[in-house]
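What follows is the residue order along each chain.
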Amino acid sequence: MKYSNRNQAILLLADGTVFYGKSIGIEGTTFGEVCFNTGMTGYQEIFTDPSYFGQIMVASNAHIGNYGTNAEEIEADKIMISGLVCKNFSFNPSRVNSDKSLMDYFTEQNLVAISDVDTRALVSYIRDNGAMNAAISTDGTSIEELKKQLADVPNMEGLELSSKVSTKEPYFIGNPDAKYKISALDLGIKKNILRNLAKRDCYIKVFPYDASYEDMKSFNPDGYFLSNGPGDPDPLYTAQETAKNILDKNEPVFGICLGHQVLALANGISTYKMFNGHRGINHPVKNLLTGEGEITSQNHGFAVVREELEKHPDFEITHEHINDGTVAGMRMKSKNCFSVQYHPEASPGPHDASYLFDQFIANIEKSKN
């Protein structure tokens, strides 16, 4: 298959830096915070992860699209990234169970992408200068015009995005006759999180991001789950209030990523925007309770302030990121509550941390006794 519209394309960063490449053939201009993922596989799951909503993804793997796409390997029903930057874009996939090419997948959803970029230089630049807003243009828009448009794009700090990706109406996942019932707050939930809960004999009712405690309690659940999602956790006031009410009743609760941050904020512990964030499938984490190491899948640009967490009398840090010492997990001493700043469901990534779902079920069992 040939694609003739391989026109010159540009990536413009907010500080004025320009990287040149080629269009994959979809004309347009897109904006978002530029970030990079170091994973060598799982690009379809990354592109459909709601936590990446509003971001331009730089793939550090040299080949993207080489194994096409498969309808079973999605984390949401549509692409969530704003645009893609890559080195080599593969138009013709080689894989037995590929449904379609990545190009066809992008064309269906009109995703603008730029290839033939020196992604090693770009990732190095972002590492040194931090995540920032950017624009991809493949339609010939001038740099001067792009700079004007880019100046109007809001920064990720202070930006509430869960409302853009959360379900509008509650829905159910799993077997209605399952042993456990879970009320899940959808701040941008990944499908594989729900799969992991369902296979542990859970029947899950998924609620919109602004659901109240009363809404979630109406399902008469055995436990509560606060999901991952995009954007800054600070503006999620309703979710924080819901978390407070769950904790006041000492109900079993488990939070992942954005849900982890919401639980911290619900207890007066601050969060902050990281210089680059953690995005990849080989991040080392130390379990401080067992002394064991875990290789984890991570995707977050915000984190909990460690100093405040250490001073809080009711919190204990359970996991830390080995590379930079940031908080990777916490639990409350007087409540049935724990959370992590990474993805135990992986997808993609290692399964070292899948035990956390079992821990959640064990906490539910303890609460019944």
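Residues numbered from 1 in each chain as written. Predicted model: local features only at pLDDT ≥ 70, side-chain atom pairs only at ≥ 80, totals over all residues. Heavy atoms only, no water.

Novice: Which residues make up unusual backbone geometry, and what values go with them?
Specialist: A cis geometry characterises the amide bond from Ser 347 onward to Pro 348, with omega recorded as 0°. Mapped onto the secondary structure, Pro 348 falls in the loop between β19 (337–340) and α11 (355–368). The phi angle at Asn 110 is positive, at roughly 55°, despite the residue not being glycine. By secondary structure assignment, the location of Asn 110 is in the loop between α2 (102–109) and β8 (113–115). One non-glycine residue, Ala 346, lies in the positive phi region at around 55°. By the element assignment, Ala 346 lies in the loop between β19 and α11. (Helix = DSSP H or I, 4+ residues; strand = E, 2+ residues; numbered from the N terminus.)

Novice: Tell me what's going on with the packing of aromatic side chains, and back it up with residues and numbers.
Specialist: Each aromatic ring pair is characterised by the separation of its centres together with the angle its planes make. Taken as a whole and judged by the stated rule, the model has 14 aromatic pairs. An angle of 15° between the planes, with centres 5.5 Å apart, marks the rings of Phe 172 and Tyr 203 as stacked. Of the two residues, Phe 172 sits in strand β10 (residues 171–173) while Tyr 203 sits in strand β12 (residues 202–207), which places them 31 residues apart along the sequence. Grouped by ring-pair contacts, the aromatic residues Tyr 43, Phe 47, Tyr 67, Phe 89, Phe 91 and Phe 106 constitute a single cluster. (Phe/Tyr/Trp six-rings, centres within 6.5 Å; stacked < 30°, edge-to-face > 60°.)

Novice: Tell me what's going on with the nonpolar core, and back it up with residues and numbers.
Specialist: Leu 185, Leu 226, Val 253, Val 262, Leu 263 and Leu 309 are the most contacted members of the largest nonpolar core, which totals 31 residues. For this core, the secondary-structure elements that each account for two or more residues are β12, α7 (213–217), β13 (223–226), α8 (237–248), α9 (258–266), β17 (315–321) and β18 (327–332). When residues of this core are assigned to their parent elements, the largest contribution, five residues, is made by α9. The contact partners of Val 253, leaving out residues within four places of it in the chain, are Tyr 224, Leu 226, Ile 246, Leu 247, Leu 263, Asn 336, Cys 337, Phe 338 and Phe 360. In terms of nonpolar packing, the next biggest core, distinct from the first, is built from 25 residues, Phe 338, Tyr 342, Ala 353 and Leu 356 among them. (Core = buried A, V, L, I, M, F, W, Y, C linked by side-chain atoms within 4.5 Å. Buried < 20%, exposed > 50% of the residue type's maximum accessible area, 1.4 Å probe, protein only. Contact = heavy atoms within 4.5 Å.)

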